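What the coordinates show
Residue-level listing of the chains:
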Amino acid sequence: QLQLVESGGDLVQPGGSLRLSCAASGFSLVYHAIGWFRQAPGKEREGISAISHSDGSTYYVDSVKDRFTISRDNANNTVYLQMNDLKPEDTAVYYCAAVLFGPKWYNLRLSSWGQGTQVTVSS
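Residues numbered from 1 in each chain as written. Predicted model: local features only at pLDDT ≥ 70, side-chain atom pairs only at ≥ 80, totals over all residues. Heavy atoms only, no water.

Here we look at the sheet that holds strand 10 (residues 117-121)
Note on sheets: strands pair through backbone hydrogen bonds, and any given pair is parallel or antiparallel. Defined as follows: Paired strands, in this sense, are two strands between which DSSP finds at least two bridges. Per the convention used, a helix needs a DSSP run of H or I reaching at least four residues, while a strand needs a run of E reaching at least two, with both numbered from the N terminus.
Strand order in the open sheet formed by six strands is 2-10-9-4-5-6, with mixed pairing between adjacent strands. Of all strands in the sheet, those bounded by a partner on one side alone are strand 2 (11-12) and strand 6 (58-60).

Shown next, in the form of structure tokens:
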């Protein structure tokens, strides 16, 4: 199984910012598209953002578009999710995974789920 480790989650007040990291171990991130997923209490896990391995194409679900930015640093074998203007509804456990980039990328996961990182947005 491909191995990824999420980090950077924290407790933050509404309107605040966090940067999540997704670090690859045992394989080169440059060859894989990476997706970010989250699971909020009482809700199904959903794909929220993805970045391709080649041309840097990105995808954002409408609920995070213009607030979150996905990026990659191939030299450091890491993908980031910059989260700005956080809202209480962003509270969730966030996961990353290697995916096949396409219209159904969220159903084309290649890596196992990691531990995730908790993001809590509360005043």
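With respect to the environment of Glu 44
Definition in use: Each residue's exposure class comes from its accessible area (1.4 Å probe, protein chains only) as a fraction of the maximum for that residue type: buried when under 20%, exposed when over 50%, partly exposed otherwise. Any pair of residues with heavy atoms lying within 4.5 Å of one another is described as a contacting pair.
Take Glu 44: it is sitting in the loop between strand 4 (33-39) and strand 5 (46-51). For Glu 44, a relative accessible area of 71% translates into the label exposed. Every residue in contact with Glu 44, bar those within four places of it in the chain, is listed here: Arg 38 and Gln 39.

A closer look at the nonpolar core
Note the cut-off: Side-chain atoms within 4.5 Å link the members of a nonpolar core, which is a set of buried Ala, Val, Leu, Ile, Met, Phe, Trp, Tyr and Cys residues.
Ranked by internal contacts, the top residues of the largest apolar core, which has 28 residues, are Ile 34, Trp 36, Leu 81 and Tyr 94. Ranked by size, the runner-up nonpolar core spans seven residues in total, among them Phe 37, Tyr 95, Val 99 and Trp 105.

As for the state of the cysteines
Two cysteines, two sulfur atoms, one covalent bond between them: this is a disulfide. The line we're drawing: Disulfides are defined as pairs of cysteine sulfur atoms found within 2.5 Å of each other.
If you walk through the whole model with that rule in mind, you get one disulfide. The disulfide partner of Cys 22 is Cys 96, and the S-S distance across this bridge is 2.1 Å. Its torsion about the S-S bond being 85 degrees, the disulfide of Cys 22 and Cys 96 is classed as right-handed. Highlighted residues: Cys 22 in strand 3 (residues 18-25) and Cys 96 in strand 9 (residues 92-99), separated in sequence by 74 residues. Considered together, Cys 22 and Cys 96 belong to a single accessibility category, that of buried residues.

Looking at unusual backbone geometry
Unlike most non-glycine residues, Asp 66 shows phi in positive territory, near 75 degrees. Along the chain, the position of Asp 66 falls in the loop between strand 6 and strand 7 (68-73). Given a relative accessible area of 75%, Asp 66 falls into the exposed group. Positive phi is not limited to glycine here, since Asp 85 has a value of about 50 degrees.

Quick look at the pairing of strand 5
With five of six residues buried, strand 5 is to be regarded as a mostly interior element. Where strand 4 lies against strand 5, five bridges are found, and the strand directions are antiparallel. Following the sheet pairing, Phe 37 is matched in strand 5 by Gly 47. Where strand 4 hands over to strand 5, the hairpin turn is made up of six residues, of which Gly 42 adopts a positive phi near 75 degrees.

Side note on the pattern of salt bridges
Note the cut-off: Only one rule defines a salt bridge in this text: a Lys or Arg side-chain nitrogen within 4 Å of an Asp or Glu carboxyl oxygen.
By the definition in use, this model includes four salt bridges. Across the pair Arg 38 and Asp 90 runs a salt bridge, and its minimum N-O distance is 2.9 Å. Here Asp 90 lies in the loop between strand 8 (78-83) and strand 9 and Arg 38 lies in strand 4, a separation of 52 residues in the sequence. Accessibility expressed as a relative area gives 6% for Arg 38, which makes it buried. In this structure, the salt-bridge partner of Arg 67 is Asp 90, at a minimum N-O distance of 2.8 Å. Of this pair, Arg 67 sits in the loop between strand 6 and strand 7 while Asp 90 is found in the loop between strand 8 and strand 9, placing the two residues 23 residues apart along the sequence. Residue classification places Arg 67 among the buried residues on the basis of a relative accessible area of 10%. Residues joined in a network through salt bridges with shared partners are Arg 38, Glu 46, Arg 67 and Asp 90.

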